[in-house]
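Examination of the molecular architecture
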Amino acid sequence: MADQTVHLKIKRQDGPDKPSYWQEFAVPYTPGMNILTCLDEISKNPTTIRGETVAPVAWESCCLEEVCGACSMRINGVPQQACSALVEKYKQPITLEPMAKFPIVRDLIIDRQTMFDNLMRVRAWVPIDGTYDLGPGPRQTAADQRWMYVLSRCMTCGCCLDVCPQVNPRSDFIGAAMINQVRLFNHHPTGRMHAKERLEALLGSGGIADCGNAQNCVQVCPKEIPLTQSISEMGRETVFYAVRRFLLKPDVEM
Amino acid sequence: MAEEKKIIIVGGGLAGLMTALTALEKGAVVEMVSYVPMRRSHSVCAQGGINGAVNTRGEGDSPEFHFDDTVYGGDFLANQPMVRDMCYDAPRMIYMLDRMGVTFNRTFEGLLDFRRFGGTLFNRTAYAGATTGQQLIYALDEQVRRYEAEGKVRKFEHHAFQSLVLDRDKNCRGIVITDQHTMKSEALLGDTVAICTGGIGLLYSKHTNSVACTGSAPSRCYQQGVWYANGEFIQIHPTAIPGTDKCRLVSESVRGDGGRIWVPKKANDPRPGREIPESERSYFLEEKYPAYGNLVPRDIGSRELFDMCVNQGMGVDGKWQVYLDVTHLPEEKLRAKLAGVLEIYEKFMGEDPYHNPMKVFPAMHYTMGGLYIGYGKDTNPKADLPADWAQYQHMSNINGLFVGGEADYQYHGANRLGANSLLSCLWAGRIIGPEAVKYMDNNTLPPLLDTTVRDAVKEQEDAFSAVYKMNGTENPHLLQEELADEMWKDCTVVRDNDNLKKLDAKLDELLDRWEHIGLTDQSATTNQEVFFIRELKDRFLLAKVVVQGALNRNESRGAHYKPAYPERNDEQWLKTTIATFDGDRNPQFSFEDVDISLIKPRLRSYKTASHGGKEAKEPAAAESKS
């Protein structure tokens, strides 16, 4: 980097019902810096480029190594994890904004509770009998593990929802991440026994029919989960299920 | 008891989630408190795997060998009966995780695969790529969500623990928490509380922990009279990626799967690592430890790396870093087993680890010490405690207060073996749920006075109000940097009494300067600065426990290495350090004998293979415990 400072333009908002406003900061650059270390520097010296002392920027983070999904924000317009956003890779001034599809709490902090509520809606778990000893689980092939493992890395970061045109105030579309979860749990040998419940959720309001096939989701997933593949798979499964349900009412088995 | 039995769990990582499950299965009502949504807890960072002597690789492994490896790895400081119980249950816990859908790696026949890890010669670590903690916490989080869907769990995410509510007999009756967004404090009342808040990484500048590892919850408990044990035992992991905000872990499993540590034979060799031929590389761990090679336990690995770089000046490019090399391993195998951690290296270092040896250095990683817990026996007959407290496993010295996971001090002794942490978190959860319910069944507590609760909440509200009035000149983030840098410098791998004394004095200075902090954020909502300032003071007080404990212990054992006293001294120091807050700033120390009834202490040296020691029995049939 030719410059020894990093110039940031940050969209701030003091609270949920307050107006948003921009502030600009310049922080000293060190090699290997990421967006969150820039925000740390602001906390040490919260002064804008105009010399105004302000409250430090508020942001959400936890692991700092891109496995927890906490620090999602829009950097130069694209939703991603801020901890792994190395400053060298971005055109300056770097703009930071909260993800747009979620209610804002303060500054870069948003409320993603809908995602966790939707994990409940799609019953994203393997229903075990209990934690007591029942011996080993069912055998599964290494080939299955290879793709299921990739799906299991979803960290509920919300980036896929943020870029989805179908996720907006007029819809309750659950989004790519949730459809992906259904694919994972419906494939597991025990999960498969309860696939019907998850498919019913996908066929309900805000379910898979709301996907408009924009394919933005797969481009921003930080874990490179093949989201469109999952959506396509589940599209197939829900169609077969819906047909069977129609033909074999009332008790269709999977 | 006619009333509902409630357990309040602080911390939503593996230990907290597992505690919730076992408590729910026993019919308890559960409330959970966490800084972050549960599945973002620090457990998510664990990489390498979870140990259990499942023995599906035809090696003749057994829980008895696992037990011995653990006790030996801990340099005989762990109370042995609990370790034994944990190791014997480990295979069953791995099976449980399997049934929950954890995407563990598989063998040709579709069974769980096991890899090798530090401090053992057996392949007993079940793993999901190189992100095992993530898959494990997601599985448990999913199981708890199932109960949440049935209305049996109340979650208080984005809340911070402030204090315990203690009645006049000093029984624990609940906690005070504060909402990180509304900034409102409230009391959660229940007769059992479990602290599962993990480790204290933020005391150090070079750590592998998360932002959530503030050290505040254990410090507040300690400040309220809960004993803190073995504080001086801090694990430094040998291989982490150097960084300013944190040192991202490079899992031990990289070495388990064949990664090799080396430095160029020529000091300050200017060539890039991949261009240095084999003959000019020093694979120093393999040379010095023929049996365990790169998989010596972490305390030994960290000391050797430190010595090579700091004392001998042989680090790569003259810096404090060594090479961890996987370039000789087939790429397909690396992708199947280690992709998660290699991609972290690539993202944060900007270099391709598949074709270039990685540069790593030790970093603070795990807290062996923690809040004191009993193990169901009268461990300290001389203590002035209510007679029945010792009956309950995992209960602290305060009735009704349980501790589990990294937050407790048990199982790992003076040094933790890799892949035993995920195990001890789950094991603690196995124990605490039923024990908490048993405690509630056996005890009818006196009615809790409203004034007790109101006073507890008011105390926290007043403390927050006081922070809002702070208008001095000190910046809390700079004070944090000073704390963390000094602790890293003088209280990690190498300990020296003069430096420790100076460090303790520095902590006093920081406590004084804390009073002169100026608050930069007056917002009445989502005020991260206010929380940070209060947690910072908690860290200063807890750091004193660590530093003074290290100062007192004049021996070297496990992770605690003092060159002035280089040998282990069982006669004087085979005991647990217990710190009790004096009410002002300092800990007062007492000691407790260690239960070594099952395995006799022997010399710990990884120069030769340990096959369970002479005292190891034949693998016995596992007895069902608890």
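Numbers given for residues are sequential positions, taken from 1 along each chain in its written order. Following the order in which they are written, the chains are lettered starting with A and the ligands numbered starting with 1. In view of the model being predicted, local features appear only for residues whose pLDDT reaches at least 70, and side-chain atom pairs are presented and counted only at 80 or more, with totals across whole chains, interfaces and linings using the full set of residues.

Considering the sheet that holds strand 4 (residues 114–116) of chain B
Residue and element names in this part refer to chain B.
- In spatial order, the strands read 3-5-4; together these three strands make up an open sheet with antiparallel pairing. Edge strands, defined here as strands with exactly one partner in the open sheet, are strand 3 (50–51) and strand 4.
- Direction of pairing for strand 3 relative to strand 5 (residues 123–126): antiparallel, over a ladder of two bridges. Counterpart to asparagine 51 in the pairing with strand 5 is threonine 125. Here the rule is simple: two strands pair whenever DSSP picks up at least two bridges between them. In this description a helix means any DSSP run of H or I spanning at least four residues, a strand means any run of E spanning at least two, and both kinds are numbered starting from the N terminus.

Considerations on the interface of chain B and chain A
- What counts as a contact here is a pair of residues whose C-beta atoms, placed from the backbone, lie within 7 Å. Counting residues at the interface gives 55 residues for chain B, matched by 55 residues for chain A.
- Mapped by element, the contributors of at least two residues to the side of chain B that touches chain A are helix 1 (14–25), helix 3 (80–100), helix 4 (132–149), helix 9 (331–349), helix 12 (476–490) and helix 14 (528–552) of chain B.

Description of unusual backbone geometry
Residue and element names in this part refer to chain A.
- Between glutamine 92 and the following residue, proline 93, the backbone shows a cis peptide bond with an omega angle of -5 degrees.
- Its location among the elements puts proline 93 in the loop between strand 4 (78–81) and strand 5 (94–97).
- Even without glycine at this site, arginine 123 takes up a positive phi of about 55 degrees.
- Mapped onto the fold, arginine 123 is located in the loop between helix 2 (113–121) and helix 3 (142–151).
- Even without glycine at this site, threonine 156 takes up a positive phi of about 55 degrees.
- Secondary-structure assignment places threonine 156 in the loop between helix 3 and helix 4 (159–162).

Some thoughts on the confidence of the model for chain B
Residue and element names in this part refer to chain B.
- Confidence per residue, as judged by the predictor, is encoded in pLDDT with a range of 0 to 100. Across chain B, the average pLDDT comes to 93, with 95% of residues at 70 or higher.
- Predicted confidence for residues 379–387 stays below pLDDT 50, and this span has six contacts to residues more than four positions away or in other chains.
- Within the model, pLDDT remains below 50 along residues 614–626, and this stretch shows 15 contacts once partners closer than five positions in the same chain are excluded.

Description of the domain arrangement of chain A
Residue and element names in this part refer to chain A.
- Per the domain assignment, the segments making up chain A are domain 1 (5–110) and domain 2 (113–247).
- Using only C-alpha atoms to locate each centre, domain 1 and domain 2 end up separated by 31 Å.
- Counting residues at the interface gives 13 residues for domain 1 and 11 residues for domain 2.
- Among the elements that take part in the side of domain 1 that touches domain 2, strand 4 stands out by supplying four residues, more than any other.
- Polar here means any residue outside two lists: the nonpolar Ala, Val, Leu, Ile, Met, Phe, Trp, Tyr, Cys and Pro, and the charged Asp, Glu, Lys and Arg; Gly therefore counts as polar. Among the residues forming the side of domain 1 that touches domain 2, the class breakdown is seven nonpolar, four polar and two charged. Domain boundaries shown here were taken from an automatic or database domain assignment.

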